[in-house]
Amino acid sequence: MPYHLPNIREDLSAAYYTREEEKWAAVLEEIIAFNGAGRPVLVGTRSVEASENLGAMLKARHLECKILNAVRHDQEAEIILRAGDDRAITIATNMAGRGSDIRISKKVEETGGLHVIITEGHGSARVDRQLRGRAGRQGGRGRSRLFASFDDELYQRHLGWLMQVL
């Protein structure tokens, strides 16, 4: 189905890492960089545990974030409402907030829009596309990037044998 308005979202090249620790360090640095530029950041994780761990890493860096996962589902509407605010950092598991647009202000649009980070590829590319699609809605600006490591569950499931050989 064609877009209602032209899609001008920029999907950045994926960033691959050998180990999970390297990937999370890079994710953290990217969040800090975009947050420092005044951009809201939406981070998609595959698990509640990953969302809570990333939240703790951000807290250790004195950065406030909102976490939307199965544990905090009662706050979903308010979290989604604020996810497009200037410098907002929102962490969500892959099922959280589905079916709702993240609205951004003119100021955020001028700084480049929402930046979406996918912290691990999903078994279904559709889920990754849905998460990327949160940025640049309705013809607006935005960016997305996938971060992955060979320690990720998807790579272990499909390429674990290769990692054993290397």
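So, here's what we can say about the structure.

Criteria and cut-off values
Going along each chain's sequence as written, the residues are numbered from 1 onward. For this predicted model, a pLDDT threshold of at least 70 governs which residues receive local features, and a threshold of 80 or more governs which side-chain atom pairs are given and counted, while totals over whole chains, interfaces and linings are taken from all residues. Think of the side-chain values as coming from all heavy atoms in the structure, minus any hydrogens and water. Partly exposed residues are those whose accessible area sits between 20% and 50% of the maximum for their type, while under 20% is buried and over 50% is exposed, using a 1.4 Å probe and protein chains only. Strands here are runs of E lasting at least two residues and helices are runs of H or I lasting at least four, both read from the DSSP assignment and numbered beginning at the N terminus. In short, DSSP must find at least two bridges between two strands for them to pair. Helix span is expected to be 1.5 Å times the residue number reduced by one. Starting at the helix axis, one direction is taken to each C-beta atom, and the arc is that of these directions. We call two residues in contact when some of their heavy atoms are within 4.5 Å.

### Points about the pairing of strand E7 (residues 142–149)
- Across the 8 residues that make up E7, a large majority, 7, are buried.
- Of the pairings in the sheet, the one linking strand E1 (residues 10–11) to E7 comprises 2 bridges and is parallel in character. The residue bridging Glu 10 from the neighbouring strand is Arg 143, located in E7.

### Concerning the environment of Ile 80
- Looking at the element boundaries, Ile 80 is found in helix H3 (residues 76–82).
- Take Ile 80: its relative accessible area is 14%, and that puts it in the buried class.

### Let's talk about helix H2 (residues 48–60)
- The end-to-end C-alpha separation of H2 is 18 Å, in line with the 18 Å expected for 13 residues at 1.5 Å each.
- Buried residues of H2: Ala 50, Ser 51, Leu 54, Gly 55 and Leu 58, and no others. All buried residues of H2 project into a common sector of 135° when viewed along the axis, lining one side. The outward face of H2, more than 90 degrees from its buried face, is lined by the exposed residues Glu 49, Lys 59 and Ala 60.
- Tucked inside the fold, the buried residues of H2 contact helix H1 (20–36), strand E3 (41–45), strand E4 (66–68) and strand E5 (89–93).
- His 62 lies just past H2 and shows a positive phi near 65°.

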